[in-house]
Number of protein chains: 4
Amino acid sequence: MKTKKKQTRRRSKQAHEAIIAATLELIEEKGYLRLSIEGIATRAGVGKQTIYRWWPSKAALIIEAYSQKVTSNFQSPDNGSLQLDLEELLITIFARIRIPPSSKVMTGLIAEAQTAPEVAEQFYTGFIKKRREMVFGLIQKGIDRGEVHRDTDMDIAADTLFGPMWYRLLLGHGPLDQKFAKKLVQQVLAGLSTRRKETLQGGGDSFSIQDSLSV
Amino acid sequence: MKTKKKQTRRRSKQAHEAIIAATLELIEEKGYLRLSIEGIATRAGVGKQTIYRWWPSKAALIIEAYSQKVTSNFQSPDNGSLQLDLEELLITIFARIRIPPSSKVMTGLIAEAQTAPEVAEQFYTGFIKKRREMVFGLIQKGIDRGEVHRDTDMDIAADTLFGPMWYRLLLGHGPLDQKFAKKLVQQVLAGLSTRRKETLQGGGDSFSIQDSLSV
Amino acid sequence: MKTKKKQTRRRSKQAHEAIIAATLELIEEKGYLRLSIEGIATRAGVGKQTIYRWWPSKAALIIEAYSQKVTSNFQSPDNGSLQLDLEELLITIFARIRIPPSSKVMTGLIAEAQTAPEVAEQFYTGFIKKRREMVFGLIQKGIDRGEVHRDTDMDIAADTLFGPMWYRLLLGHGPLDQKFAKKLVQQVLAGLSTRRKETLQGGGDSFSIQDSLSV
Amino acid sequence: MKTKKKQTRRRSKQAHEAIIAATLELIEEKGYLRLSIEGIATRAGVGKQTIYRWWPSKAALIIEAYSQKVTSNFQSPDNGSLQLDLEELLITIFARIRIPPSSKVMTGLIAEAQTAPEVAEQFYTGFIKKRREMVFGLIQKGIDRGEVHRDTDMDIAADTLFGPMWYRLLLGHGPLDQKFAKKLVQQVLAGLSTRRKETLQGGGDSFSIQDSLSV
DNA sequence: TGATAAACGAGACGGTACGTCCCGTCTTGGA
DNA sequence: TCCAAGACGGGACGTACCGTCTCGTTTATCA
């Protein structure tokens, strides 16, 4: 089964690049919310239709523009120790993400993702998935080395490593610096408890939940 | 200190309530981003000016509308065990926050908070602060009971408990159910590592950071 | 029965006038076809919505703008003779209508009238009706004076006086000057025939019509 | 005078016909103003460039499409009487022109003719000239037979016969039926006046003209 | 118990941006 | 070599809301 090629003019590389460039420029100048397709088209010297032809939404355009930066050389660390690997990973990611325009882009995208499922998906595959898989790989190596409990829930582990990052990024109640990265890794690895893991297993179910419709 | 009353018509309670009600209705129907002041005014049978007179922004209006729900009775748990207390706390909070309109409201507010500092502040004091302080209190009791290391960084502890919640709420890659709450608490308390806390302290600084301008 | 007055802000006289003025300016500069609502709004210093709020179409706006000029003092002539009256009337109308922007406006409106019935109606009542009725009045006076046959079809009389005007205006195959006005009136009054009216009555029906779907 | 054919234009005939056909279809469906080159190209299964290659404008395309219909056999009547000849001519022309799509085409072309001189010329030679010359011929025969005054202004005569047709076609204030054709011819031939032609000649110039810039 | 001034509903206003349509030109690749 | 397909820069469309600004009309003190 062969797919027949259409005979038509192809997408213009120049226009494409000009649009991406204009998007990056304008997002730094204006922020996510005040970024307009009209503005991008003008800055790029391009018709609006050329943008609408290739990107279904403002979000999709921004995701592509930022993906280019993100995809840039970024390798999984390998220091022979989970603690060191995670520290390096978080320090690197924090350094990249805390730079001004990023946070606004991220929150803008996240906000749009709430009402637009396709944005959510693109955002997840573009910005979230790879990092989580990197962490999964590092933890697996830790398990293989005997550093980590075999029954560790990797999803939750990834949540406790990245969740605080987004939490601080969005709420701004604490910095995303090296010190935080190291302390976070240590506390995630060691846990809060003075007792051994075994003594904590199977917490009871015997309490009533205060429930309501509110937040 | 009291403000002297002039001789004039007071704020209309009816209009106020109609606006709050319309806001809650419309946010469930349309989501944060597609919510418009114009729409609220029409639904509430109110002039736009009446809204602008009393609320400086869409965000402020929503925060007030939601605060009513949130302020509802919510007490710090006390089961005599940090694990049980945290489990109860998270289960309750998760149950409240995972209900549909909430997530959209929260992310919308968070997004606006990125560009509007006053929104950030109101959001922090209205939705974030109390919960964190509750966690601080519970951990302090844990320390007093000897369940928790004395040198625990409470900020980071709160981050690892609430960060994953926001992370999952916003990205939707996992549920916010009871099971998650329990496992999260256990893993935060026990840590990932098979080794004792003492053997992990003071991770080295001897690696180069992959840094760049990108996310 | 009383009509209750609505309690709301009234139409802005300033905006209204600025729009009319801008329309007249731009139609002279650009012509009917290249006239845009956007352009009018910009020139008038007005939001587009303000135009759309009050006029259903470009045509309606133009009709109003031109009606002001047309409605300006224009009286039925009265020289005691049908020939003189008609000559005066046509000379005056020709003089007004042959000035450059007018012809373009008229043909633009006529073109739009073909697809938009409401434009047709407005155009008829705004530009056509009064002139026809003026002619009817003059002819009636002619009949009363005994200058004109009693059984004259006034509609056709008006058509033979104004039809040539539009025909020449639109096709441009001849001028709309005083000379034309006089000759036209004379020929319409005297007829082409050398014979008396009575000898022409009741032309036969006995010929086949070349018919087809084409023009 | 024949133009020598250069190298092959194989599929051009097919494309050409498809374009003409699509144009005729679409003009009936949408009318002149809402007819777009893009729409014609799509309907004809043809590239837009193929249209632009052969026709300088939408108007030229439509004129060609309609000329085919118009060129169809159409002879000058010859009944031995000017009255009968003119009646036949007008009845035939009215029948052809009053059919729905025609009027829209005509007015569209006329409107464009106002701003595009080449359209005006093509329209005149394609649709106007022949009919006028036909009338000139008939009147000349009438003069030769002694039916018509020797000093008749033929241009004005043609204007009084065709002007009313366009006037009614465009404004729609009256029908273009047989009855109108006959009455029009009679009135044009006999004139309105009860007096002989000789008594009307040389109307005075002694009245002031109400003049202004308006229509 | 009026008067009176702010608050009210209604919605017009100057704007910005939306997403769509079509213009006339330009580019590509298959027939 | 011709030409369908359609991408391109551009202009305008008509709509949705923004936040500000009049309009009369309530309506709740306080003089």
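Residues numbered from 1 in each chain as written. Chains lettered and ligands numbered in written order. Predicted model: local features only at pLDDT ≥ 70, side-chain atom pairs only at ≥ 80, totals over all residues. Heavy atoms only, no water.

(A) Inspection of the overall build of chain A at higher detail. The number of helices and strands found in chain A is nine helices and zero strands. In chain A, the succession of helices and strands from N to C terminus is α-α-α-α-α-α-α-α-α. Taking the contacts inside chain A whose residues are at least 6 apart along the sequence as the reference set, 66% of them involve residues at least 24 apart. (Helix = DSSP H or I, 4+ residues; strand = E, 2+ residues; numbered from the N terminus. Contact = heavy atoms within 4.5 Å.)

(B) A look at the protein's contact with DNA strand F. DNA strand F sits among 41 residues. The nearest are A:Thr8, A:Arg9, A:Trp54, B:Gln49 and C:Tyr52. Among all atoms of DNA strand F positioned within 4 Å of the protein, those belonging to sugar or phosphate total 61%. Interatomic distance of 2.7 Å between a side-chain N/O atom of B:Lys48 and a base oxygen of DNA strand F. Take C:Ile37: an N or O atom from its main chain is 2.8 Å from a phosphate oxygen of DNA strand F. When contributions to the surface near DNA strand F are tallied by element, the ones reaching two or more residues are α3 (48-54) of chain A, α2 (37-44) and α3 (48-54) of chain B, α2 (37-44) and α3 (48-54) of chain C together with α3 (48-54) of chain D. Taken together, the residues of the surface near DNA strand F sort by class into eight nonpolar, 18 polar and 15 charged. (Near = heavy atom within 4 Å. Polar contact = N/O pair within 3.5 Å; in protein donor to acceptor, adjacent residues only side chain to side chain. Nonpolar A, V, L, I, M, F, W, Y, C, P; charged D, E, K, R; others polar.)

(C) Inspection of the pattern of salt bridges at higher detail. Using the criterion set out here, one finds 40 salt bridges over all chains in the structure. Here C:Arg132 makes a salt bridge to C:Asp159, at a shortest N to O gap of 2.8 Å. Taken together, the residues span a long stretch of sequence, with C:Arg132 in helix α7 (residues 117-145) and C:Asp159 in helix α8 (residues 154-171) at a distance of 27 residues. Side by side, C:Arg132 and C:Asp159 carry an identical accessibility label, which is buried. The partner of C:Lys183 in a salt bridge is D:Asp153, and the shortest N-O contact between them spans 3.3 Å. Taken together, the positions of C:Lys183 in helix α9 (residues 178-190) and D:Asp153 in the loop between α7 (117-145) and α8 (154-171) put the pair across two chains. The exposure class of C:Lys183 is partly exposed, given its relative accessible area of 35%. Where salt bridges share partners, they join A:Arg132, A:Asp155, A:Asp159 and B:Arg168 into one cluster. (Salt bridge = Lys/Arg side-chain N within 4 Å of Asp/Glu carboxyl O. Buried < 20%, exposed > 50% of the residue type's maximum accessible area, 1.4 Å probe, protein only.)

(D) Examining the packing of aromatic side chains more closely. A full pass over the atoms with the stated rule returns 13 aromatic pairs over all chains. Plain terms: the ring middles of C:Phe123 and C:Trp166 are 6.1 Å apart, the flat faces sit at 65° to each other, and that makes the pair edge-to-face. Pair noted here: C:Phe123 is in helix α7 and C:Trp166 is in helix α8, with a separation of 43 residues, a long-range link. In textbook terms, an aromatic cluster arises when at least three aromatic residues are bridged by ring pairs, as seen for A:Phe123, A:Phe127 and A:Trp166. Sitting above the plane of the C:Phe180 ring, C:Arg168 keeps its charged end 3.6 Å from the centroid. If you follow D:Lys58 out to its NZ or CZ, it ends over the ring of D:Tyr32, 4.8 Å from the centre. (Phe/Tyr/Trp six-rings, centres within 6.5 Å; stacked < 30°, edge-to-face > 60°. Lys NZ or Arg CZ within 6 Å of the ring centre and 35° of its normal.)

(E) Looking closely at the domain arrangement of chain A. All names here are of chain A. Assigned domains within chain A: domain 1 (13-54) and domain 2 (69-192). One C-alpha centre belongs to domain 1, the other to domain 2, and the line joining them spans 30 Å. Taken together, the contact between domain 1 and domain 2 spans four residues of the former and seven residues of the latter. Contact with domain 2 buries surface across domain 1, with Ile27, Glu28 and Tyr32 losing the most and accounting together for 82% of the total. Applying the counting rule to domain 1 against domain 2 returns zero salt bridges. At the junction of domain 1 and domain 2, the tally comes to one residue pair in polar contact (both at pLDDT 80 or more). Here the side of domain 1 that touches domain 2 is composed, by residue class, of three nonpolar, no polar and one charged. (Domains from an automatic or database assignment. Buried area = accessible area lost by both parts, 1.4 Å probe.)

(F) Layout of the confidence of the model for chain A. Chain-level statistics for chain A give a pLDDT mean of 85 and a share of 86% at 70 or above. Within the model, the stretch residues 1-5 of chain A combines pLDDT values under 50 with zero contacts to residues more than four positions away or in other chains. (pLDDT = per-residue confidence, 0-100.)

(G) Focus on the nonpolar core. Residues A:Phe123, A:Trp166 and B:Trp166 are the most contacted members of the largest nonpolar core, which totals 135 residues. Top element by residues in this core is helix α8 (residues 154-171) of chain B. It accounts for 12 residues. When neighbours within four sequence positions are excluded, B:Trp166 is seen to be in contact with A:Tyr167, B:Ile97, B:Met106, B:Ile110, B:Phe123 and B:Ile128. Residues C:Leu82, D:Ala15, D:Ile20 and D:Ala181 belong to the second largest nonpolar core, which totals 134 residues. (Core = buried A, V, L, I, M, F, W, Y, C linked by side-chain atoms within 4.5 Å.)

(H) Quick peek at helix α5 (residues 82-97) of chain B. Here α5(B) is 16 residues long and its end C-alpha atoms lie 22 Å apart, about the 22 Å a rise of 1.5 Å per residue gives. Counting buried positions along α5(B) gives 15 out of 16 residues, so the element sits mostly inside the fold. (Expected span 1.5 Å × (residues − 1).)

(I) Region of interest: the packing of helix α5 (residues 82-97) of chain C against α7(C). Residue and element names in this part refer to chain C. Put simply, α5 and α7 touch, their axes get as near as 10 Å, and they point 165° apart. The angle between α5 and α7 falls in the class roughly antiparallel. Every pair of crossing elements has a handedness; the one defined by α5 and α7 is right-handed. Contacts between α5 and α7 involve Leu82, Asp85, Leu86, Leu89 and Ile93 from the first element and Arg131, Met134, Val135, Leu138, Ile139, Lys141 and Arg145 from the second. Taken together, the residues of the contact of α5 with α7 sort by class into eight nonpolar, no polar and four charged. (Axes fitted to C-alpha atoms, helices over the stretch in contact; angles between N-to-C directions. Parallel < 35°, antiparallel > 145°, perpendicular 65-115°, else oblique. Left-handed = near helix turned anticlockwise from the far one by under 90°.)

(J) Quick peek at the environment of A:Ile51. All names here are of chain A. Summarising the element assignment, Ile51 is placed in helix α3. Sequence separation between Ile51 and Glu118 is 67 residues; the distance between their C-alpha atoms is 18 Å. Not counting residues up to four positions away in its chain, the partners in contact with Ile51 are Ile19, Ile37, Ile40, Ala41, Val46 and Leu61.

(K) The arrangement of the environment of A:Asp153 in detail. For the pair A:Asp153 and A:Phe136, spaced 17 residues apart in sequence, the C-alpha to C-alpha distance is 9.9 Å. Apart from the residues within four sequence positions on either side, A:Asp153 is in contact with B:Lys183 and B:Gln187. Within the structure, the side chain of A:Asp153 is placed 3.2 Å from the backbone nitrogen of A:Ile156, a separation counted as a polar contact. Of note is the side chain of A:Asp153, whose polar atom sits 3.3 Å from the side chain of B:Lys183.

(L) Fine view of the packing of helix α8 (residues 154-171) of chain A against helix α9 (residues 178-190) of chain B. Viewed as axis vectors pointing N to C, α8(A) and α9(B) meet at an angle of 70°, and their least axial separation amounts to 10 Å. Taken together, the axes of α8(A) and α9(B) are roughly perpendicular relative to one another. With respect to the hand of their crossing, α8(A) and α9(B) are arranged in right-handed fashion. Of the residues in α9(B), those in contact with A:Ile156, A:Ala157, A:Asp159 and A:Thr160 of α8(A) are B:Phe180, B:Lys183, B:Leu184, B:Gln187 and B:Val188. When grouped by side-chain class, the residues that make up the contact of α8(A) with α9(B) number five nonpolar, two polar and two charged.

(M) Geometry of the side chain of B:Glu147. If you trace the backbone, B:Glu147 turns up in the loop between α7 (117-145) and α8. Of the polar contacts made by the side chain of B:Glu147, one reaches the side chain of B:Arg145; its length is 2.9 Å. Leaving out residues up to four positions away in the same chain, B:Glu147 has contacts with A:Leu192, A:Ser193, A:Thr194, A:Arg195, B:Gly80, B:Ser81, B:Leu82 and B:Gly142.

(N) View of α9(C). Counted at 1.5 Å a residue, the expected span for α9(C) with its 13 residues is 18 Å, and the 18 Å between its end C-alpha atoms agrees. α9(C) sits mainly inside the fold: 10 of its 13 residues count as buried. Of the residues making up α9(C), those classed as buried are C:Phe180, C:Ala181, C:Lys182, C:Leu184, C:Val185, C:Gln186, C:Gln187, C:Val188, C:Leu189 and C:Ala190. As for α9(C), its buried residues are in contact with α5 and α8 of chain C together with α8 and α9 (178-190) of chain D.

(O) Representation of the environment of C:Leu33 within the structure. Its place among the elements puts C:Leu33 in the loop between α1 (13-30) and α2. As a C-alpha pair, C:Leu33 and C:Lys130 span 97 residues in sequence and 27 Å in three-dimensional space. Each residue touching C:Leu33, except ones within four places of it in the same chain, is listed here: C:Lys58 and D:Thr115.

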